[in-house]
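# Observations on chain architecture
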Amino acid sequence: AQSVAQPEDQVNVAEGNPLTVKCTYSVSGNPYLFWYVQYPNRGLQFLLKYITGDNLVKGSYGFEAEFNKSQTSFHLKKPSALVSDSALYFCAVSSGGGGNKLTFGTGTQLKVEL
Amino acid sequence: NAGVTQTPKFRILKIGQSMTLQCTQDMNHNYMYWYRQDPGMGLKLIYYSVGAGITDKGEVPNGYNVSRSTTEDFPLRLELAAPSQTSVYFCASNLRGAATNEKLFFGSGTQLSVL
């Protein structure tokens, strides 16, 4: 069975500082990994994805994520946080092995303060 | 291009009432999904459809029904509402399925309270 863990319910950072939102996964075979963002009273929006290739993936709004196969992690990063980045972030994984199994993490609330 | 449209945005039901959550997409996507989001629990798949006339259960289907008569529409039906169905419901779609490298497109959600 595949699974995703987001160990932090909330991450607080000061504006201008770098941010990291952690994600680890478990899946059989090669993973497809995603980050989605949810702003208040809105649906989830796609940020970025890892398929194969470069371990550093760049996405929307200046976000990037680093894939680490040995640590089975896919941490979301941004060099300089903005107050407008405050939102709920979800990591998700699928194995591409058929069916429609896409597993989401429990989400991490990011709060960026002035 | 409207994307995925859900109605209503908010609804309060009494225990035992029924209702239908509407979902429409205009991207000609084959796959459509219903998720529920509970605090601290992430998203759980209720039902999904791989095309018109074909639906299948997800992780948490009990108490819900769906139909897919057209490519565009994927309504979710609650027959006998229970407090455990208080949640935020999201409809999503994509072309090739969730277990692929393709992203999902989400609606803005329906917040449902059952009292």
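Below is a short write-up of the structure.

On to unusual backbone geometry. For residues that are not glycine, phi is negative in most cases, and the peptide bond is trans in most cases. All names here are of chain B. Put simply, Thr 7 and Pro 8 share a cis peptide bond, and its omega is -10°. Among the structural elements, Pro 8 can be located in the loop between strand E1 (4-7) and strand E2 (10-13). One non-glycine residue with positive phi stands out, namely Asn 28, at about 60°. In this structure, Asn 28 sits in the loop between strand E3 (19-25) and strand E4 (31-38).

Chain A puts 24 residues into the contact, and the matching count from chain B is 24 residues. Interface area, chain A with chain B, both sides summed: about 1800 Å², of which 58% is carbon and sulfur. The interface formed by chain A and chain B includes 0 salt bridges. At the level of elements, strand E5 (32-38), strand E6 (44-50) and strand E10 (87-94) of chain A are the ones that each hand at least two residues to the side of chain A that touches chain B.

With that settled, consider the side chain of A:Gln2. Residue and element names in this part refer to chain A. Here Gln 2 shows up in the segment before strand E1 (3-5). When its relative accessible area of 14% is taken as the criterion, Gln 2 is described as buried. Side-chain polar atoms of Gln 2 contact the backbone oxygen of Val 93, separated by 3.1 Å. Dropping the residues within four chain positions of it, Gln 2 is found in contact with Ser 26, Val 27, Val 93, Ser 94, Ser 95, Lys 101, Leu 102 and Thr 103.

What follows is about the state of the cysteines. Overall, the coordinates contain 2 disulfides over all chains when judged by the stated rule. The disulfide bridge from A:Cys23 ends at A:Cys91, spanning 2.0 Å between sulfur atoms. Sign of the S-S torsion, about -65° for the bond between A:Cys23 and A:Cys91, identifies this disulfide as left-handed. Pair noted here: A:Cys23 is in the loop between strand E3 (19-21) and strand E4 (24-26) and A:Cys91 is in strand E10, with a separation of 68 residues, a long-range link. With a relative accessible area of 0%, A:Cys23 lands in the buried category. The disulfide that involves B:Cys23 links it to B:Cys91, with 1.9 Å between the sulfurs. Handedness here is read from the sign of the S-S torsion; for B:Cys23 and B:Cys91, about -75°, the answer is left-handed. Taken together, the positions of B:Cys23 in strand E3 and B:Cys91 in strand E9 (residues 87-94) put the pair 68 residues apart, joining distant regions of the chain. This pair shows no difference in class: B:Cys23 is buried, exactly as B:Cys91 is.

On to the pattern of salt bridges, then. Summed over all chains, the structure comprises 7 salt bridges over all chains. Between A:Lys111 and A:Glu113 there is a salt bridge, with its nearest N and O atoms 3.9 Å apart. Using a relative accessible area of 41% as the deciding quantity, one classes A:Lys111 as partly exposed. Across the pair B:Glu79 and B:Arg77 runs a salt bridge, and its minimum N-O distance is 3.3 Å. The partly exposed category is assigned to B:Glu79, whose relative accessible area is 38%. Residue B:Arg77 is classed as partly exposed on the basis of its relative accessible area of 30%.

This paragraph deals with the nonpolar core. By size, the foremost hydrophobic cluster in this structure holds 27 residues, and its most contacted members are A:Trp35, A:Leu47, A:Leu48, A:Phe74, A:Leu76 and A:Tyr89. For this core, the secondary-structure elements that each account for two or more residues are strand E2 (10-14), E3, E5, E6, strand E8 (64-68), strand E9 (73-78), E10 and strand E12 (108-113) of chain A. Counting residues per element, this core draws most heavily on E10(A), which supplies 4 residues. Residues in contact with A:Tyr89, not counting those within four places in the same chain, are A:Gln6, A:Trp35, A:Tyr36, A:Val37, A:Leu47, A:Phe63, A:Leu76, A:Gly107, A:Thr108 and A:Leu110. Grouped together as the second largest cluster of nonpolar side chains are 20 residues, B:Met19, B:Tyr64, B:Ala81 and B:Leu112 included.

All names here are of chain A. For Ala 81, the location among the structural elements is in the loop between E9 and E10. Separated by 18 residues in the primary sequence, Ala 81 and Phe 63 have C-alpha atoms spaced 9.5 Å apart. If we ignore the near neighbours within four places in the chain, the residues touching Ala 81 are Val 13, Ala 14, Glu 15, Gly 16, Asn 17, Leu 19 and Val 112.

Each value, and the rule that gives it
- Residues numbered from 1 in each chain as written.
- Chains lettered and ligands numbered in written order.
- Predicted model: local features only at pLDDT ≥ 70, side-chain atom pairs only at ≥ 80, totals over all residues.
- Heavy atoms only, no water.
- Helix = DSSP H or I, 4+ residues; strand = E, 2+ residues; numbered from the N terminus.
- Contact = heavy atoms within 4.5 Å.
- Buried area = accessible area lost by both parts, 1.4 Å probe.
- Salt bridge = Lys/Arg side-chain N within 4 Å of Asp/Glu carboxyl O.
- Buried < 20%, exposed > 50% of the residue type's maximum accessible area, 1.4 Å probe, protein only.
- Polar contact = N/O pair within 3.5 Å; in protein donor to acceptor, adjacent residues only side chain to side chain.
- Disulfide = S-S within 2.5 Å.
- Core = buried A, V, L, I, M, F, W, Y, C linked by side-chain atoms within 4.5 Å.

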